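Below are the chains, spelled out letter by letter.
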Amino acid sequence: MATRTLAARLFSHKQALYKAATINSIPMIRPASAAARIAAGSLYRQPSGSLLAGFSTSTKVERVKTPVATAQYGQPTWMTHPHLMKEGEITPGLSAQEFELRRTMLMQSLPKGSIVISTSHRTRFMTNNIFYPFHQHTDFYYLCGFNEPDSALVLEKNDSPRGYKMTMFVAPKNANIEMWEGARTGIEAAKEIFGADEAIDANLFRYRIIDMTSRHENVYFDYPSPSVFMPMDIAKKLLNKPDSDAFSTTTKGLSPLIQEMRVIKSEAEIKIMRQAGEISGKAFIETMKFTNPKRLEHQVYARFDYECRMRGSQMMAYVPVVAGGSNALTMHYVNNDQPLHDGDLLLMDAGGELNGYASDITRTWPVNGKFTEAQKDLYGVVLHANKECIKLCTEENGLTLNQIHDVSMRLTKEGLARLGIKPLAHDVDRRLYPHHVGHYLGMDVHDTGDISRSRPLKEGMVITIEPGLYIPRDPAYPEKYQGIGIRIEDNVVIGKTVPHVLSVTAPKEIVDIEYCCASSAKSD
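Worth saying up front: this structure is predicted, and the values here are computed from it rather than measured.

Parameters at a glance
- Residues numbered from 1 in each chain as written.
- Predicted model: local features only at pLDDT ≥ 70, side-chain atom pairs only at ≥ 80, totals over all residues.
- Heavy atoms only, no water.
- Pairing = 2+ DSSP bridges.
- Helix = DSSP H or I, 4+ residues; strand = E, 2+ residues; numbered from the N terminus.
- pLDDT = per-residue confidence, 0-100.
- Contact = heavy atoms within 4.5 Å.
- Salt bridge = Lys/Arg side-chain N within 4 Å of Asp/Glu carboxyl O.
- Buried < 20%, exposed > 50% of the residue type's maximum accessible area, 1.4 Å probe, protein only.
- Polar contact = N/O pair within 3.5 Å; in protein donor to acceptor, adjacent residues only side chain to side chain.

## Remarks on the sheet that holds strand β23 (residues 500-501)
Whenever strands of a sheet pair, they do so through backbone hydrogen bonds, lying parallel or antiparallel.
Right, so step 1: The strand order across the open sheet formed by 3 strands is β19-β22-β23, and the pairing between neighbours is antiparallel. Each having just a single partner strand, β19 (462-465) and β23 make up the two edges of the open sheet.
Right, so step 2: Here strand β22 (residues 490-493) pairs with β23 via 2 bridges, running antiparallel. Bridge assignment links valine 493 to a residue of β23, and that residue is histidine 500.

Below you can see the structure in the form of structure tokens.
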């Protein structure tokens, strides 16, 4: 009940806050200040000769002259990457104003005496000294846009014009480390670019957070996993765990509050997701052209990955499913190591990530470029369910994802009946169509996981619609249909009266798919 009350407060104030920002009623952070100071030739770094470089116990820094063109940070900025970002953006497509509004909305929803602690991911390693590509903790990223590991954000509610104090714990500049690991943003730039009121060496987090938390009655944070930058002993104290020197505070989960904000996307977020969908849609077109019976599943994966990256995606949003033939009967088949066969279908569930936002699209097409009649029969059932369910994706309809799933299940059963297929008892929801019709989509593929699918859909939500049909090799079903797996997944923005499909570029009509496959360059 409390969560729903908070959601109502957040939603009711969201548009008002955006409008208020246009008349400067909300204090803004100072990206222009950073530009001015860098243009003047000042960049702040730790003294290179210090024995404590990288492990400093103070925030004393040395000012050195550095031309703006050579200034380096731990991530793109509008000053260093004008080909990617516009002036005033913190991350590509998202302005400093947007991040300020997010923090303001969060802090306005909390009682007096509140402190928020949000921590980044750590660097994660595949093996000794070999790290995985870094991907930031999405709640942390949502609040500040800082994309370096081993960092923390602390927001303390107060009576200042801003309404809170923002402290960031980040890795300081260190020339020796940066020579090996790449540029860091550093302490001063955390204030100038990201708007922190105070920035502190991240090595001091475990010591400073104890004092900061003791001054507040309400502490909002999430119990960490091993991959998160939060000392476990400190987390136990915050949660008043037994056998710990617990603080006399009330602790509450932070992620549920942020998810209430994240589930409704801003116009800027939707624009990024539309671009991500278009990039992935074009990649599907080129991948369909590339497909033929001589290919291997992993080659198709590689082609899709290449096409997404060449169009701007930084990475795959998840490990793709590239399932030829009966491999498609496994919902999350990710081995992707079998050859394709003439006469089979290929089910591909894949999407690129763009500027921190995921796409999640599935298409199914014939390996040889032509559907058989049996394949067309089943494909038509799934396509009809997909299109009819998308029509329901409006706030005006007042439906939930669970209710749309029920519709998709009914449409699937009706389609099977038209084909003369009589499923065994309970087989439709257990084997023929065992997954849900959709989920929330955003910064995470399965976004805002704590938000129930029984909640009525609201304008600005983004979801997937992905009915499927998987006929097992079972004599209870006609032989011509056995071993066929089909899924058609689209990304949809909930509109007031009309849904908006972000994945419209990816072909899904039979005639369009066969046209793409026919234009293939088989000599690739």
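## Things to note about the confidence of the model for the protein
Right, so step 1: Looking at the protein as a whole, its pLDDT mean stands at 87, while 84% of the residues score no less than 70.
Right, so step 2: Note that pLDDT drops below 50 for residues 1-13; the model gives that stretch 17 contacts with residues more than four away or on any other chain.
Right, so step 3: Contacts of residues 15-69 to residues separated by more than four positions or lying in other chains number 100 contacts, the stretch itself having pLDDT below 50.

## Focus on the pattern of salt bridges
Right, so step 1: Tallying each qualifying case throughout the model produces 33 salt bridges.
Right, so step 2: Two residues, aspartate 444 and arginine 262, come together in a salt bridge whose shortest N-O distance is 3.1 Å. Taken together, the residues span a long stretch of sequence, with aspartate 444 in the loop between α14 (427-432) and β19 and arginine 262 in helix α9 (residues 255-262) at a distance of 182 residues.
Right, so step 3: Judged by relative accessible area, which is 26%, aspartate 444 ranks as partly exposed.
Right, so step 4: Looking at arginine 262, the relative accessible area reads 3%, which means it is buried.
Right, so step 5: The salt bridge involving aspartate 447 is made with arginine 262; its shortest N-O contact spans 2.6 Å.

## Some remarks on the side chain of aspartate 305
Right, so step 1: By the element assignment, aspartate 305 lies in helix α11 (residues 297-310).
Right, so step 2: There is a polar contact of 2.6 Å between the side chain of aspartate 305 and the side chain of arginine 309.

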